[in-house]
Amino acid sequence: MSKKILVAEDEEDMLHLISLHLKKQGYQIFEAIDGQDAIDKINTTIDLVLMDIMMPKWSGLEVCERIRQKVDCPIVFISAASDEMTRIKALSLGGDDFIAKPFSLEELTLKIEAIFNMKERFLYSYEKEKRKQIFIDELKVDLLARQISFKGDAISFTKKEYELLVLLLSSPRQVFTKEQIYDHINGIDGTGDVQSVVEHVKNIRHKLVKIDYKHDYLQTVWGIGYQWNNH
């Protein structure tokens, strides 16, 4: 789906020139001819706002200050007033970038692409970082540090207890047989008794009870094995 850009510019020739160019780049464009029009048309589906500073009814700076209360999309200012104080004011109110007039349409395109690419890299990094941790209520599993904590306090688990608990937490509601759990924490060629899984589960429950955690989330599925049920 194409990105949505709101272009707020009171000079009609400039507005139409920018809009036509960005449409050719594949963006979906919405136009605003003054500050009030921009405020009326902004919504959470807009991916970026391109806005002149000197506009009637509400200036671009005033619009930025007002819409920042309801949207967090990037805002790029375009203005002939390119002195340092204007730039500082624009960025301090929530602007993400500033392009001084006159500018080329190629420069504008590169600026917009750079902002979208940076946002996508941030979201990718954020999602990647989230996958390194598991949160269940106030129980946190740090997969990199191989540590489990409750309300910020680390809980001591043996290596096999940790592996067992992470297996269940990673796939809540999925029922794992004792054999599957045993193979996971010991390896396919592990030596020992599958009933050792029962002891590991018992130890985990005991440790969770000691910290007043809702240990009933670790449920026994009689005749099969165990599952983590978040209710």
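Structure: see above.
Per chain, the residues get numbers from 1 upward, laid out in the order the sequence is written. Given that this is a predicted model, residues contribute local features only at a pLDDT of at least 70 and side-chain atom pairs are listed and counted only at 80 or more, while totals for whole chains, interfaces and linings are drawn from all residues. To obtain the side-chain values, all non-hydrogen atoms of the structure were used and water was disregarded.

Student: Help me understand the pattern of salt bridges in this model?
Tutor: A pair is scored as a salt bridge if a Lys or Arg side-chain nitrogen falls within 4 Å of a carboxyl oxygen belonging to Asp or Glu. The full count for this structure, using the stated rule, is eight salt bridges. Among the salt bridges present, the one from D34 reaches K57, with a minimum N-O distance of 3.6 Å. Of this pair, D34 sits in the loop between β2 (28-32) and α2 (35-41) while K57 sits in the loop between β3 (48-52) and α3 (60-67), placing them 23 residues apart in sequence. Only protein chains enter the accessibility calculation, which uses a 1.4 Å probe; a residue is then buried when its area is under 20% of its type maximum, exposed when over 50%, and partly exposed in between. Looking at D34, the relative accessible area reads 8%, which means it is buried. Secondary structure elements follow DSSP: runs of H or I of four or more residues count as helices, runs of E of two or more count as strands, with numbering from the N terminus.

Student: What exactly am I supposed to notice about the packing of aromatic side chains here?
Tutor: How two aromatic rings sit relative to each other is set out by the distance from centre to centre and by the angle between their planes. Here the aromatic set is Phe, Tyr and Trp, taking the six-membered ring for Trp, and pairing holds for ring centres within 6.5 Å; pairs whose planes are under 30 degrees apart are stacked, those over 60 apart are edge-to-face, and all others are tilted. In this structure the tally under the stated criterion is one aromatic pair. On the basis of an interplanar angle of 40° and a centroid distance of 5.9 Å, the ring pair of Y27 and F116 is categorised as tilted. Note that Y27 is positioned in the loop between α1 (12-24) and β2 and F116 in helix α5 (residues 105-130), a separation of 89 residues in sequence. Its relative accessible area of 14% is what places Y27 among the buried residues. Judged by relative accessible area, which is 6%, F116 ranks as buried. Note on criteria: charge over ring means Lys NZ or Arg CZ within 6 Å of the ring centre, with the direction from the centre no more than 35 degrees off the ring normal. The residue whose ring lies beneath K3 is F116, and the NZ or CZ to ring-centre distance is 5.2 Å. Between R66 and the ring centre of W58, over which it is positioned, the NZ or CZ distance is 4.4 Å.

Student: What's the story with the sheet that holds strand β5 (residues 97-100) in this structure? I'm lost.
Tutor: Strands belonging to one sheet form pairs held by backbone hydrogen bonds; the direction of such a pair is parallel or antiparallel. By the convention used here, strands pair only if DSSP detects at least 2 bridges between them. As summarised here, the arrangement of the five strands in space is β2-β1-β3-β4-β5, forming an open sheet in which the pairing is parallel. In this open sheet, the two edge strands, each paired with only one partner strand, are β2 and β5. When strand polarity is set aside, the average angle formed by the axes of neighbouring strands in this sheet is 20°. Bridge count for β3 against strand β4 (residues 75-79) is four bridges, and the pairing is parallel. In the sheet register, D52 faces β4, and the bridge partner there is I78. Contact between two residues is taken to exist if any of their heavy atoms lie within 4.5 Å; hydrogens are not considered. Here an axis means a line fitted to C-alpha atoms, over the contact stretch when the element is a helix, while the angle between two N-to-C directions is reported on a 0 to 180 degree scale. In the packing of helix α4 (residues 84-92) onto the sheet, contacts are made with β4 and β5, and the angle to β5 comes to roughly 145°.

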